[in-house]
Structure formats: structure tokens, C-alpha cells
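Here are the chains, one letter per residue:
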Amino acid sequence: MAVKHYLQFRDFTRDDYAYLFERTRVIKERFERYEPYHPLADRTLAMIFEKSSTRTRLSFEAGMHQLGGSAIYLNTRDTQLGRGEPVEDAAEVISRMVDIVMIRTFEQDIIERFASHSRVPVINGLTNEYHPCQILADIYTYIEARGPIQGKTVAWIGDSNNMCNTWLQAAEILDFNVHVSTPPGYEVEPERAGLYGTDHYEAFADPMDACRGADLVTTDVWTSMGFEAENAVRQKAFADWQVDAEMMAVAKPDALFMHCLPAHRGEEVAAEVIDGPQSVVWEEAANRLHVQKALMEYLLPGERRDGTA
Ligand code: CP
Ligand code: NVA
């Protein structure tokens, strides 16, 4: 049987997501009731980080532990990956020793190459192009707070980065709309975003227009990891793309605000928005733990369960 990986949002179907969101609900309820649940006893997760992380490392490591397994943290600095060992060789070796792998790296091509030489499922923990685990958590958070996302409008304000690309893929699969507003020169590149069509997103020159009538307003840092050399230029280019109270005021009255974190108050978001009543950023971060537990359970062969376990 072919190994199932989670390298970008479009790797799963709408039915897969319906299943994952339901499993997330069950797994989260158990966690909140302090009920032990160890379907991954004796399983090992290798986590490979080529970039910094707080939430991704913690949620995968704690999640694997809570499912009865263990997690091993590897980074470029301390492994042979940082000394030029081919990613294909690393995949051959690592995937003979563990049951599942999570990677945070630079180009998507790196994780694709790793996965093509891996005997076990590989999860994208963020690449330059995509951040599917975060969007999984964001959409779960939306559904938990407001119900189905189908037909809703998400306003993406700022950089057309890994988060934006993943929202756009999710919109096609789960049938909602994304209003994107980026500064000139930072527009969405459909091919890089891995889009099949353009039916589910619309570009707006003015971020206020993108926010008008939105059910969810979301943004991210102006300078993503790996693009630090562009920081000074980006600070200037993005100055008018700060999500502030004025933008939230033209969205729907019950609109939510999300940010994957870490955030820079006073840059991409005003403090009054991220710390305000419409913000669900802490729920969003916490849900990383629960969606990724459902994801690991799903990807490990023989672990899929139907109905409530
Ligand atoms: N949102 C997110 O992925 O956070 P970390 O960079 O801390 O993992
Ligand atoms: N777009 C950001 C997300 C961080 C979680 C980055 O890639 O740095």
C-alpha cells in the first residue's frame, strides 16, 4: 500500500477533512477530560527542524506523548543534514527507524524529495510554500466557534506566503472564498500556491475592500523565516497592510480574527485587534495539538477508526 503523506493541504479530500475534524473533536474532548488515550503506544515520531519553532515542536512532541508514543527532535545544526548529507539518504535511514516524520524546512522540493524516499508518512511542519498543519488548526477553530466554513469568506491581509497559499488550497477543497490583499509586488503566484483554479479567491488592491463582509480576518508576519534579508524593504512595502480596528469594523459583526503566531503587534496587526474580543489566536494555537493528534492517528496505517473510539 502506498505511504500516505501530508505535504500540502490538497493532499487530502473534503471527506478526509470531515473525518479529521470529527476525530479532532473526540480526541480534544478526551484530553480535556484527562482520559488516557494511547493508540500510538510504541510508535516514534522524528521531528526535523531546519527553522525555529515554538508551537509546532511543542504540539507535535506533546501530542505524540499524549497518544502513547515518543518524539525525537532533530535539527540541521546537530545532524549530518547540516553537513551536506543528501536528503534522500537521510530519508532512507530515518524512515527505517521511526514510524512517522514531521519536517520544517525551506523549499517544498526538500520535503517532497524526503517523502519520495521515506518508508513512513511525512508531515509538512512548514515550508516556504505551505503550512498545512496550521490551516488545519485554523479551520477547526473556525468550525468550533462558528460552524461550517463552506460558503464563508476569509480575508487574507499581507504577504502571499506559506499561510496564504495554504488558505487558497483549502478554499478550493472545502468550498469557501478568500479575499486577498497584498502590497504591489507581493501578489499571489497561483502556480507556487498550487492552485487548480481561481474560482475561490479574489484579489483586492485595498485591504479595506478585502475585509468588507468577511467572516474571518487573518494575517501573518510581513517577513517569513528564510526571507530576513528582505525585512527592511518589506517593512516599508507592508506599512498600509496592518490589520486594525477599522478593517475589523467593515468585516461581519461576528467576524473572527486569526494569526498563526508569532505576531508583531504594531506591524501586521494592531494590539487592539489581536488582544481584542474578536481574536481567537490562543484557541487557534491550542488546536494545533488536537488536529495534529488526529492527523498522526490517521496517517499511521491501521489507526483509522470510524465513529467515536
Ligand atoms: N504557528 C507556528 O507554526 O508557530 P511556530 O513557528 O512557533 O511553530
Ligand atoms: N509565515 C511564517 C509562519 C510562521 C509560523 C513563516 O514562515 O515564518
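Being a predicted model, the structure only gives us computed values, none of them experimental. (Residues numbered from 1 in each chain as written. Chains lettered and ligands numbered in written order. Predicted model: local features only at pLDDT ≥ 70, side-chain atom pairs only at ≥ 80, totals over all residues. Heavy atoms only, no water.)

> I tried to follow the overall build of the protein chain on my own but got confused; where do I start?
Helix and strand counts for the protein chain stand at 12 helices and 9 strands. Counting only C-alpha atoms and orienting by the principal axes, one finds that the protein chain spans roughly 50 × 45 × 35 Å. Here the protein chain holds 309 residues, and 56% of them are scored as buried. For the protein chain, long-range pairs separated by at least 24 residues make up 74% of all intrachain contacts whose partners lie at least 6 apart in sequence. Summed over all atoms, the accessible surface of the protein chain reaches about 13,300 Å², with 51% contributed by carbon and sulfur. (Helix = DSSP H or I, 4+ residues; strand = E, 2+ residues; numbered from the N terminus. Buried < 20%, exposed > 50% of the residue type's maximum accessible area, 1.4 Å probe, protein only. Contact = heavy atoms within 4.5 Å. Areas by Shrake-Rupley, 256 points an atom, 1.4 Å probe, with all protein chains shown as cover.)

> Explain the sheet that holds strand S5 (residues 153–157) here, please?
Sheets are built from strands that pair by backbone hydrogen bonding, the pairs being arranged parallel or antiparallel. Taken in spatial order, the 5 strands make up an open sheet running S7-S6-S5-S8-S9, and their pairing is parallel. Each of the sheet's edge strands pairs with one partner strand only, and the pair in question is strand S7 (201–203) and strand S9 (256–259). Taking each pair of neighbouring strands and ignoring which way they run, the sheet shows an average axis angle of 20°. As paired elements, strand S6 (residues 177–181) and S7 share 3 bridges and run parallel to each other. Counterpart to histidine 179 in the pairing with S7 is glutamate 202. Its contacts with the sheet place helix H6 (residues 162–174) against S5, S6, S7 and strand S8 (216–219), and it is angled at close to 155° to S6. (Pairing = 2+ DSSP bridges. Axes fitted to C-alpha atoms, helices over the stretch in contact; angles between N-to-C directions.)

> Explain the environment of arginine 113 to me, please; I cannot follow it from the model alone.
In this fold, arginine 113 is placed in helix H4 (residues 108–116). Not counting the four nearest positions on each side in its chain, arginine 113 is found in contact with Val87 and Glu88.

> Please explain the site of ligand 2 as it appears in this structure.
In the vicinity of ligand 2, the contacting residues are Leu126, Asn161, Asn162, Asp220, Val221, Ser224, Met225, Cys260 and Leu261. For ligand 2, a nitrogen atom lies 3.3 Å from a polar atom in the side chain of asparagine 161. In the environment of ligand 2, an oxygen atom lies 2.8 Å from a nitrogen or oxygen atom belonging to the backbone of methionine 225. When isolated, ligand 2 has an accessible area of 270 Å², and the protein chains bury 94% of it. Of the residues that constitute the shell around ligand 2, the class distribution is 5 nonpolar, 3 polar and 1 charged. (Near = heavy atom within 4 Å. Polar contact = N/O pair within 3.5 Å; in protein donor to acceptor, adjacent residues only side chain to side chain. Nonpolar A, V, L, I, M, F, W, Y, C, P; charged D, E, K, R; others polar.)

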